[in-house]
Structure formats: structure tokens, C-alpha cells
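Each chain, letter by letter, is given below.
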Amino acid sequence: MERVTDVAAAVESTVESLLGIFESARLAQSPAVPPAQLRVLTIITRNEHTNMSRLAEALQVVPSSASRLCDRLEATGLLRRVPDPRDRREVRLLPTPAAGRLLQELRERRQAALAEVLEKMNPARRTELVRALAAFDTAASSGATGDADGLRTA
């Protein structure tokens, strides 16, 4: 049995490979959207009640930094700010249809790039990988603290 630290090192190496694949997929988009802006879009897409305070909290930044990110996204037509129907003093952040398309295209690029790598693996090893990743996700989720909204970002 391998030591946990050896397994952690192997996982870290694999994550670096995954990040490289994801970064290549991101850069292949035109125009390429910076990672921080993609994270904002992912957060507001997953939680329809995101306002500036919740976004800043999820990003672990001050509200003015979150607001500047939103300014950029709004200028490129990927985000809208609308009054919150529950409290007109609040502003709700909503992705535009263009943002939805952008995120879908990115997911498709990532999945295609991952599929190329997975095709090179033995089918039995792919099945083992899926089981191992599911077990890892379960272990990670059981110890996750997350924020009050359950926003999970990577």
C-alpha cells in the first residue's frame, strides 16, 4: 500500500495535467475569458440569487473587487445587473444567454480534450478511474465546509 503522501503527490501531478487541459480549452475560446471572470460566471449561473455581497464572499474578495469583475463582464455582454424582486435595494447578478453559451462551449471543449486522453486508457482503467474519482468526491464533500449558500467553485 502506498503512503498517503505518495498518493497525494500523484494526485497533485494529475491535477496539474487536468489544469493544463482546462487552460488549453479556455485559451482556445475566442475571445479567451480570464479565469476570474469565468469563476464569476460559474457562481452566478449556479445560484440565481447571487448579489454582490454573496459573490464577494464566494470569491473571498472585497465587494469592490467583485464589482470590478462584474463591470468587465457587463461591458462584454456576459452579465446583467437587475433589481432583486425580493429587495429593491439589492442588485441581482444574472448571466446573459451569451454567458450560457460561452460556459457550454467551454464545457464541451474540456470534455473533448479529456475524451482524447481517456481514449488512450485501457477501458478497465477508465472504469477504475471513475470509481476512484467518485470515492474522492465523496470524501472531499463529507469534509467540505463550504459557504452558507453551498456555492462550490474550483
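Anything mentioned here points back to the structure above.
Residues numbered from 1 in each chain as written. Predicted model: local features only at pLDDT ≥ 70, side-chain atom pairs only at ≥ 80, totals over all residues. Heavy atoms only, no water.

Draft legend 1. Representation of the overall build of the protein chain. Counting its secondary structure elements, the protein chain contains 6 helices and 2 strands. Overall, the protein chain shows an N-to-C arrangement of helices and strands of α-α-α-α-β-β-α-α. For the protein chain, the C-alpha atoms occupy an extent of roughly 60 × 35 × 20 Å along the three principal directions. Taking contacts inside the protein chain between residues at least 6 apart in sequence as the whole, the part at least 24 apart equals 50%. Here the protein chain displays about 10500 Å² of accessible surface, and carbon together with sulfur accounts for 56% of that area. (Helix = DSSP H or I, 4+ residues; strand = E, 2+ residues; numbered from the N terminus. Contact = heavy atoms within 4.5 Å. Areas by Shrake-Rupley, 256 points an atom, 1.4 Å probe, with all protein chains shown as cover.)

Draft legend 2. Molecular detail of the environment of Pro35. Relative to the helices and strands, Pro35 is located in helix α2 (residues 35-46). The spatial distance from the C-alpha of Pro35 to the C-alpha of Ser64 is 18 Å, given a sequence separation of 29 residues.

Draft legend 3. Geometry of the nonpolar core. Counting 23 residues, the largest nonpolar core has Val40, Leu41, Leu55, Leu59, Cys70, Leu79 and Leu93 as the members making the most contacts within it. Only α2, α3 (52-59), α4 (63-75) and α5 (97-119) provide two or more residues apiece to this core. If we ignore the near neighbours within four places in the chain, the residues touching Leu79 are Val40, Ile44, Cys70, Leu73, Glu74, Leu93, Leu94 and Thr96. (Core = buried A, V, L, I, M, F, W, Y, C linked by side-chain atoms within 4.5 Å. Buried < 20%, exposed > 50% of the residue type's maximum accessible area, 1.4 Å probe, protein only.)

Draft legend 4. Region of interest: the pairing of strand β2 (residues 87-95). Here strand β1 (residues 79-84) pairs with β2 via 6 bridges, running antiparallel. Each bridged residue has a counterpart across the sheet, and for Pro83 the counterpart in β2 is Val91. In sequence, β1 turns back onto β2 through a hairpin of 2 residues. (Pairing = 2+ DSSP bridges.)

Draft legend 5. Representation of the packing of aromatic side chains within the structure. Summed over all chains, the structure comprises 0 aromatic pairs. Above the plane of the ring of Phe22 lies Arg110, whose end atom (NZ or CZ) is 4.3 Å from the centre. (Phe/Tyr/Trp six-rings, centres within 6.5 Å; stacked < 30°, edge-to-face > 60°. Lys NZ or Arg CZ within 6 Å of the ring centre and 35° of its normal.)

Draft legend 6. Structural detail: the environment of Glu105. Checked against the element boundaries, Glu105 lands in helix α5. As for Glu105 and Leu129, which are separated by 24 residues in sequence, their C-alpha atoms are 25 Å apart.

Draft legend 7. Region of the structure containing the packing of α3 against α4. Interaxial distance between α3 and α4 falls to 8 Å at its minimum, and their mutual angle equals 105°. As summarised for this structure, α3 and α4 are arranged roughly perpendicular, according to the angle between their axes. Along the contact surface, α3 presents Met52, Leu55, Ala56 and Leu59, while α4 presents Pro63, Ala66, Ser67, Leu69 and Cys70. In terms of residue class, the contact of α3 with α4 is made up of 8 nonpolar, 1 polar and no charged. (Axes fitted to C-alpha atoms, helices over the stretch in contact; angles between N-to-C directions. Parallel < 35°, antiparallel > 145°, perpendicular 65-115°, else oblique. Nonpolar A, V, L, I, M, F, W, Y, C, P; charged D, E, K, R; others polar.)

Draft legend 8. Main features of the side chain of Gln37. Of note, Gln37 is situated in helix α2. When neighbours within four sequence positions are excluded, Gln37 is seen to be in contact with Leu69, Arg72 and Leu73.

Draft legend 9. Here's a closer look at the pattern of salt bridges. Across all of its chains, the model carries 8 salt bridges by this definition. Here Asp6 ties to Arg3 by a salt bridge, and the two come within 3.2 Å at their closest N and O atoms. A relative accessible area of 34% places Asp6 in the partly exposed class. Classification of Arg3 by relative accessible area gives exposed; the value is 56%. (Salt bridge = Lys/Arg side-chain N within 4 Å of Asp/Glu carboxyl O.)

Interpretation note: all reported values are geometric properties and have no functional meaning in isolation.
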